[in-house]
Structure formats: C-alpha cells, structure tokens
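One-letter residues, chain by chain:
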Amino acid sequence: PQLPMTKKRVAIVGSGNWACAIAKIVGSNCKRSDVFEDDVRMWVYEEIIKGRKLTEIINTEHENVKYMPGIKLPENIIADPDVVSATKEANILIFVLPHQFLGGLCAKISGNHAADCIAISLIKAVHFDEKGMVLISDMIKSGLDGMDVSVLMGANIATEVASGAFCETTIGYTDETNGLLLQSIFNDPLFHVSIVKDVAGVEICGALKNVVALGAGFMEGIGLGDNSKAAVIRLGLLEMRRFIQAHFPNVPDSTFFESCGVADLVVTCYGGRNRKCAAEFARRGGHKSFAVLEKELLNGQKLQGTETCREVMKILQQEGKTDEYVLFTSIHAVAFEGATVDSMVSALGQLCVSGDAAVAERHSGLTWRWASTSDPTGILTVAGSGLGSLASAANFLWRRLLLSVGW
C-alpha cells in the first residue's frame, strides 16, 4: 500500500509587523492545505509587555500587541521564544527580520531543520563586506548548509496586507519546483504572488528602493509636492536598474516591472518608514539623527535605507562611478555629509539642464519615442535592449485607450 504523504512543516523566523502580516496569510493557507502541517511556529524575540511575555500574549490572544496591534493572527500560528525549537525539522523557513540578526540565528538553526529544507527571505536589505555586495539570500544559504533560498519582495505595506487590502508581490527563485511550492504558501485572492527566475534582481530591488525613498522623504520634508517626488521615483528607478545590472548583468529588464520593482518603489516613496523618517529629518534641518528618529517614530522597527545608502556609496566610490549616480550621491550627501535638500534639488536640476539625464537614460537602456499615428497599434513604442514585453504592454494599453474614446 502507498504510504501517506508526509506534510511539510513551515516555520517563520521573525515576529515584527511584516512577519505578523505574512503569518496571517501563511497560517490560513497552511491550515487549509493538504501539503503543509497545520501548525506554523513563529520565532518571537521575547519581550515583556505590561508584565506579560509577548509569546504568551500571542498564543492566548492571537495578537502581537506591540508590532501589529488590532490584527488577529490565525490560531495555528504558535509563538516560540526559542529559535531552535521553532525551526526544528522545518521543511520551509521564512526569514522576515532585520538582517543584522541573521548570523547568530543561522548558527543556531543550522542542522536543526529537515534534510530537504528550503528557505525564503522577505528581508529588504543587502549586506556588504570587504569584497562588496552580498545578497541576504546568499548569507542564509551560506549559513544553512547551502540550502536553496528564494526571495519575496513587492509593494507590500505590512498594515495593508494584514488588513486584507489587495496587493501583489514577487517571488524570485532559482529552482522552479521550489518557486511553485513557495507560491502556494503565500498566494491568496487578496495577495497575488507572481514568480520569476531571478533572485538577485528581485532581492536588490527590495533594498535599493529604500534608498530612493529617503530622497522622496527629503523632498516631502521641505514642502515639495508630488511632482518632485515623481521625479525622484523616475530617476531612482533608472539608477536602481543601472546599479543592479552593472553588478548582476543577467538580471532582465522585466524584473523592474514586477511588483518588486516599480510598484514597490512607488509605495515605499509614499508610505514607507524610510520616507517617513527622511521627511522628519529634513523638517528638522538634519539636526536630529536617523538613530534618534528611528526610536521616536518606528516603535522598535529598523530603518534599512540609511545603512544601504552608506554601503552603496562605498561601492560607487571604490568604482569611481559616483558621477553616474547623481540621485544616490545626493541622497547620501544630505543624509550623512551635512548637505541641504536644496542642494539635492539643484543637483537633479543640473542633471537635466546639462543633458546628463539623456546620458543616464542611455546607460539604462530606456528611451521613448513617438511612432506614426496612422497605425493605432504603434502609437507608442519603446526602444532599448530587452524591452519587447514592455513595448507589447504599452501597445496593448494604447489600443484599449483608443478604442475607449472611439478612435
């Protein structure tokens, strides 16, 4: 007789607001699945909240009252203060915590998980060592016996995900079988998950957009409006793309048009914690440090954009390419060199006046041109290597637009 299939055990490493938002989806999906065990253990850094252990509160009231108050977690989410116990014999590990804690945790988890274990990182950051940029997924892979590690990034404000507002996200995978398995853990009618074979592109988009969000916050902090913020977003997307493809040439252009790319960039520049702190930094004229603002504004959460900005600048300086990244360089100058936001605005203005913007766009491979209006299907075309899918989408949208107005 055929033996019954052993269900896969899922564990979440982290318990902040994003971890709790994703736990709500993962717990519900595992509960109704025949593939995964019902119970999902979640490692929680133990804290005392009004005389009670946070794990006790989560396991009895099914709510993380510190990091995600007002949102009920599924009852099959089991808070565990011991990371070894939480990840024991796990087949799938979901990492969603500040990357600074990874080293010590991976050392404890290593060898404790199931032999076929895979992992996925929801950490929107990159690490840097003396050799340069290191992917968080590679850090996890190195720390956990070389297991396969995918990533999940997208336009996902945690409170909105937790409240059930519709959104999209992107999983970057190396092994398609694992990508599909992970998709089934996260995908939900209100949390649409696409998968792409591109770990590096998906992951670094999730980190660099935090740097651009600092720039958007600076603009907001001195009272500039949506036009200025939109300019930062556009220039930021170009610099993100150029930086990523310079270091990972196999990253396709299409990745930047997934939720992990332009969508995450937009939402972070309007609603993220990096924008929030940067706006306040600018309002105070740079006289209150990001470390202090983080404590005052984020309720125990961590900024990622400031540290990523420092490390990106180190790489650009080592490579002698700061002139090619006017936005990144200007953001760093405001955040860490005492420059004013007005000087950033001036630098971006000079970028356009001098014609350097055209050079930047040629570097990025993105140029737009108008085609003949005699053919409605060809009104808008996109020139540039590897952008056929975008051109097709643009043509499709224009056809729909023209039909809707009776052309």
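This text gives an overview of the structure that appears in the document. Quick caveat, the model's predicted, so the values are computed rather than measured.

To continue, consider the nonpolar core. The biggest cluster of nonpolar side chains holds 51 residues, and the ones touching the most others in it are Val 212, Phe 218, Phe 243, Phe 290, Phe 328 and Ile 331. Elements with a minimum of two residues in this core: helix H8 (199-221), helix H9 (226-247), helix H10 (259-271), helix H11 (273-283), helix H12 (290-297), helix H13 (305-319), helix H14 (326-336) and helix H15 (341-353). Of all the elements, H8 adds the most residues to this core, at 12 residues. Beyond its immediate sequence surroundings of up to four residues, Val 212 is in contact with Val 232, Ile 233, Gly 236, Met 240, Leu 265, Cys 269, Leu 327, Phe 328 and Ile 331. Among the nonpolar cores identified, the runner-up in size contains 42 residues, and Ile 12, Trp 18, Ile 77 and Leu 152 belong to it.

Take a nonpolar patch on the surface next. A surface patch of nonpolar side chains, amounting to about 190 Å² of accessible area, comprises Ile 222, Leu 224 and Val 345. With respect to the helices and strands, the residue Leu 224 is situated in the loop between H8 and H9. When its relative accessible area of 33% is taken as the criterion, Leu 224 is described as partly exposed.

Bringing the pattern of salt bridges into the picture now. Applying the stated criterion across every chain, the model contains 21 salt bridges. Lys 72 is the partner of Glu 63 in a salt bridge, and the nearest nitrogen-oxygen pair spans 3.3 Å. Salt-bridge contacts for Lys 229 lead to Glu 220; the nearest nitrogen and oxygen are separated by 2.8 Å. A relative accessible area of 5% places Lys 229 in the buried class. One network of salt bridges, with partners in common, ties together Glu 220, Lys 229, Arg 275, Glu 280, Arg 283 and Arg 284.

For the rest of this paragraph, the subject is the pairing of strand E11 (residues 167-172). By the criterion of burial, E11 is predominantly enclosed, with 5 of the 6 residues buried. Alignment of strand E10 (residues 149-153) against E11, held across 3 bridges, turns out to be antiparallel. Note on E11: the bridge partner recorded for Leu 152 is Ile 171. For E11 and strand E12 (residues 191-196), the ladder comprises 6 bridges, and the chain directions are parallel. Note on E12: the bridge partner recorded for Thr 169 is Val 193. Handedness of the β-α-β unit built from E11, helix H7 (residues 176-186) and E12 comes out right-handed.

Across the two faces of strand E6 (residues 92-95) the burial is the same, with Ile 92 and Ile 94 and Leu 93 and Phe 95 all buried. Bridging between strand E1 (residues 10-13) and E6 involves 4 bridges; their strand directions are parallel. The residue of E6 that forms the bridge with Val 13 is Phe 95. Bridge analysis of E6 against strand E7 (residues 118-121) gives 4 bridges, and the strand direction is parallel. Considered in E7, the bridge of Ile 92 is made with Ile 118. Taking the sense of rotation as the criterion, the β-α-β connection linking E6, helix H4 (residues 102-109) and E7 turns out right-handed.

Scoring rules and cut-offs
Residues numbered from 1 in each chain as written. Predicted model: local features only at pLDDT ≥ 70, side-chain atom pairs only at ≥ 80, totals over all residues. Heavy atoms only, no water. Core = buried A, V, L, I, M, F, W, Y, C linked by side-chain atoms within 4.5 Å. Buried < 20%, exposed > 50% of the residue type's maximum accessible area, 1.4 Å probe, protein only. Helix = DSSP H or I, 4+ residues; strand = E, 2+ residues; numbered from the N terminus. Contact = heavy atoms within 4.5 Å. Patch = residues over 30% accessible without salt bridge, like charges linked within 9 Å, V, L, I, M, F, W, Y side chains within 5 Å. Areas by Shrake-Rupley, 256 points an atom, 1.4 Å probe, with all protein chains shown as cover. Salt bridge = Lys/Arg side-chain N within 4 Å of Asp/Glu carboxyl O. Pairing = 2+ DSSP bridges. Right-handed = clockwise from strand over helix to strand, strands pointing away.

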